Amino acid sequence: QVHLAESGGGLVQAGGSLRLSCAVSGSISSISIMGWYRQAPGKQRELVATITRIIGSTNYADSVKGRFTISRDTAKNTVYLQMNSLRPEDTAVYYCNNRAYYGYDYWGQGTQVTVSS
């Protein structure tokens with residue numbers, strides 16, 4: 001079992017920055033990929049960025065490339081999402097995700113990010 005606890009969301013003006021954190025606890029050795037997804041009102045949940053737990057290989061949605069950076073601190077069992085140059089269209093609930101080697105997805109409770117124009 002894996003537990004995810006997100007923090008760092010909030011309200012920011014367009015062009016501003018936020019950093020999201022996701023503390024991971026439990027059976028961390030079972031986790032293959034860590035990532036962030038988001039869901040805006042009336043839209044489906046979409047991938048934002050992922051990072052492999054061991055090697056640290058990253059993958060980004062085209063809409064956030066060059067603005068967002070995903071990272072992980074293996075000593076703290078925490079994954080981060082640094083978001084710069086935020087736009088109103090980045091407004092969404094952001095969810096931390098951990099995917100186990102056996103294919104199961106663990107999700108955090110979500111944190112709201114609101115970008116005002």
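In this text, all values refer to a predicted model and were calculated from it rather than measured experimentally.

**Looking at the nonpolar core**
In this structure, W36, L81, M83 and Y94 are the most contacted members of the largest nonpolar core, which totals 31 residues. Listing elements by their share of this core, those giving two or more residues are β1 (2-7), β3 (18-26), β4 (31-39), β5 (46-52), β7 (68-73), β8 (78-83), β9 (92-100) and β11 (111-116).

**Comments concerning the pattern of salt bridges**
Tallying each qualifying case throughout the model produces five salt bridges. Among the ionic pairs, E46 bridges to R38, the shortest N-O distance being 2.7 Å. On the basis of relative accessible area, E46 is assigned to the partly exposed category, the value being 38%. Salt bridges sharing common partners tie together R38, E46, R67 and D90.

**Some words on the sheet that holds β1**
On the basis of which strands lie adjacent, the open sheet formed by four strands has the order β1-β3-β8-β7 and antiparallel pairing. Strands with a single pairing partner mark the edges of an open sheet, and in this sheet they are β1 and β7. Strand-to-strand twist across the sheet, computed as the mean angle between neighbouring axes with direction ignored, equals 15°. Both β7 and β8 contribute to a ladder of six bridges, which runs antiparallel. Looking across to β8, one finds that R72 is bridged to V79.

**So, the pairing of β9**
Counting buried positions over the nine residues of β9 gives seven, a clear majority of the element. Across eight bridges, the pairing between β4 and β9 is antiparallel. Considered in β9, the bridge of I33 is made with R99. Note: β9 against β11, three bridges, orientation antiparallel. Each bridged residue has a counterpart across the sheet, and for A92 the counterpart in β11 is V113. Bridge analysis of β9 against strand β10 (residues 105-107) gives three bridges, and the strand direction is antiparallel.

**Here we look at a nonpolar patch on the surface**
A cluster of nonpolar side chains, I54, I55 and Y101, forms an exposed patch at the surface whose accessible area comes to about 380 Å². Position of Y101 among the secondary structure elements: in the loop between β9 and β10. On the basis of relative accessible area, Y101 is assigned to the exposed category, the value being 52%.

Definitions and cut-offs
Residues numbered from 1 in each chain as written. Predicted model: local features only at pLDDT ≥ 70, side-chain atom pairs only at ≥ 80, totals over all residues. Heavy atoms only, no water. Core = buried A, V, L, I, M, F, W, Y, C linked by side-chain atoms within 4.5 Å. Buried < 20%, exposed > 50% of the residue type's maximum accessible area, 1.4 Å probe, protein only. Helix = DSSP H or I, 4+ residues; strand = E, 2+ residues; numbered from the N terminus. Salt bridge = Lys/Arg side-chain N within 4 Å of Asp/Glu carboxyl O. Pairing = 2+ DSSP bridges. Axes fitted to C-alpha atoms, helices over the stretch in contact; angles between N-to-C directions. Patch = residues over 30% accessible without salt bridge, like charges linked within 9 Å, V, L, I, M, F, W, Y side chains within 5 Å. Areas by Shrake-Rupley, 256 points an atom, 1.4 Å probe, with all protein chains shown as cover.

In short, shape yes, function no, at least from these values alone.
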